[in-house]
Amino acid sequence: DEVKPYIGLVERVVAEDRSFARGIQVAISGVLVSPHFLFRIEEQPSTEKGQGSELLSQYELASRLSYFIWSSMPDDQLFSLAAAGKLSEPEVLRQQVKRMLADDRSQALVDNFASQWLNLRNLEEIKPDPSQFGFFDEQLRNDMRRETEMFFAAVMKEDRSVLDFLNGRFSILNERLAKHYGIKGVAGNEFRKVSLADYPRAGVLTQGSILTLTSNPDRTSPVKRGKWILTNILGTPPPDPPADVPELAATQKASPQATLKEQLAIHRKNPSCAICHRQMDPLGLGLENFDAVGRWREVDQGKKIDPGGTLPNGDKFSSPIELVRVIGRRQEEFCRALAGKMLTYAIGRGLQYYDRCAVDDIIKRMNEGENRFSVLVTEVVLSDPFRKKKGDG
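Owing to the predicted nature of the structure, the values given are computational and were not obtained by experimental measurement.

Cut-off values and rules
Residues numbered from 1 in each chain as written. Predicted model: local features only at pLDDT ≥ 70, side-chain atom pairs only at ≥ 80, totals over all residues. Heavy atoms only, no water. Helix = DSSP H or I, 4+ residues; strand = E, 2+ residues; numbered from the N terminus. Buried < 20%, exposed > 50% of the residue type's maximum accessible area, 1.4 Å probe, protein only. Contact = heavy atoms within 4.5 Å. Areas by Shrake-Rupley, 256 points an atom, 1.4 Å probe, with all protein chains shown as cover. Core = buried A, V, L, I, M, F, W, Y, C linked by side-chain atoms within 4.5 Å. Patch = residues over 30% accessible without salt bridge, like charges linked within 9 Å, V, L, I, M, F, W, Y side chains within 5 Å. Salt bridge = Lys/Arg side-chain N within 4 Å of Asp/Glu carboxyl O. Pairing = 2+ DSSP bridges.

**Student:** How should the overall build of the protein chain be read in this particular structure?
**Tutor:** Looking only at helices and strands, the protein chain has 20 helices and eight strands in total. Every one of the 393 residues in the protein chain was classed for burial, and the buried ones make up 47%. The contacts of the protein chain with a sequence gap of at least 6 include a subset with a gap of at least 24, amounting to 64%. Split by element, the accessible area of the protein chain, about 19900 Å² in all, is 51% carbon and sulfur.

**Student:** Whenever I open this one, the nonpolar core confuses me. Can you help?
**Tutor:** The tendency in soluble globular proteins is for nonpolar side chains to be buried side by side. Of all hydrophobic cores here, the largest spans 95 residues; its most connected members are Phe68, Ile69, Phe165, Ile233 and Phe373. For this core, the leading source of residues is helix α17 (residues 331–347), giving nine residues. Setting aside its immediate chain neighbours within four residues, phenylalanine 165 contacts Trp117, Phe151, Phe152, Val155, Gly203, Val204, Phe334, Leu338 and Phe373.

**Student:** Would you mind going over a nonpolar patch on the surface with me for this structure?
**Tutor:** Among the surface-exposed residues, Val14, Phe20, Ile24, Ile28, Val31, Leu32, Val33, Phe37, Leu38, Phe39 and Ile41 lie close enough to one another that they form a single nonpolar patch of about 1000 Å² accessible area. For the nonpolar patch, the elements supplying multiple residues, two or more each, are α2 (20–33) and α3 (35–38). Sorting elements by how many residues they give to the nonpolar patch places α2 first, with six residues. Its place among the elements puts leucine 38 in helix α3.

**Student:** Looking at this structure, I do not really get the pairing of strand β2 (residues 170–173). What am I missing?
**Tutor:** When a strand is regular, its side chains alternate between the sheet's two faces. Side chains Phe170 and Ile172 project from β2 onto one buried face, and the interleaved Ser171 and Leu173 project onto a second face that is buried too. Of the pairings in the sheet, the one linking β2 to strand β3 (residues 192–195) comprises four bridges and is antiparallel in character. Across the sheet, the residue bridging to leucine 173 is arginine 192, located in β3.

**Student:** So what exactly am I meant to see when it comes to unusual backbone geometry here?
**Tutor:** Glycine aside, the phi torsion of most residues is negative, and most peptide linkages are trans. Positive phi, close to 65°, is recorded for aspartate 17, a residue that is not glycine. In this structure, aspartate 17 sits in the loop between α1 (4–15) and α2. Residue aspartate 17 is classed as exposed on the basis of its relative accessible area of 75%. The phi dihedral of asparagine 119 is positive, around 60°, even though this residue is not glycine. Locating asparagine 119 in the fold gives a position in the loop between α7 (107–117) and α8 (138–157).

Structural data, given as structure tokens:
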């Protein structure tokens, strides 16, 4: 039944005294413009308008699962389970998630989900000032991105706690990136796991890719770094600034001798600025020991850097690694943010108020499962938003 319309196209062309080869060309063109080729089609629920939702069909579930974890079509095993009507069974789904994560094709979660969640694709657009960072080239940029991707892959493949994204005291480095960070004992171009126990770095927040893409070309940006943490890590993005708020550049021009921390304090005296900056600035300033391309430093423009601060909830820190620990203690916020982003990625739509219960359940199961990466993925797959489709009411 699926092939008949395309056979009809061939026969119509041949009947017009044109060649069989031309008929095949027209049929292939028909395939390429078909919505079923261009999109993953999920039939509208059969329930009457306004009557809730229903489970995906077996084949729709196979496709949603495969494109979530592999970014590709289902394999023979998924198709076989769908044909047998068994794929929707919870235990079968758990087994398939385990199998699919162990498969090399799960690298797609790194290439696509991690890149979207951590904004790694934006790294290509960052152009550090060559007069200050003339050593920064495409190879270093690629090494930075690869470190973060391989770090994510290690958490996934080793089924570590997702909290290691914040607190993990290791990374994946080669010699050049290790030297860039001031880490000794790494030789050669090959990437390998390196302990950070003796260095002031942990998780993704202190990796060169994140520190570089949240900086300006010529200097760090505590505001960008703070906003990135609120948005990507804690799931509480600040609102856009009012149109009439003065730029930080105006404060810098008026107080050129002040440190960046002092300039931001002046900027926050404006009530319109203070609402958001009191949340963003301490987070970003806590990472000031890392320059605009992720190198460690103690001094900026001749003045000693003070990375200490206090968050609006009263948490205090005096160094980048203490800031990472403080953020790491906000486990509930981080897990909620990560679960929400992964569920969004898995179902291909933004979350709505009625998805909140599903996210709550995912977080509960994560806590029961030591927050392991596989538990996060499995609970996303077992959730109602993933296994069901909503009616149009």
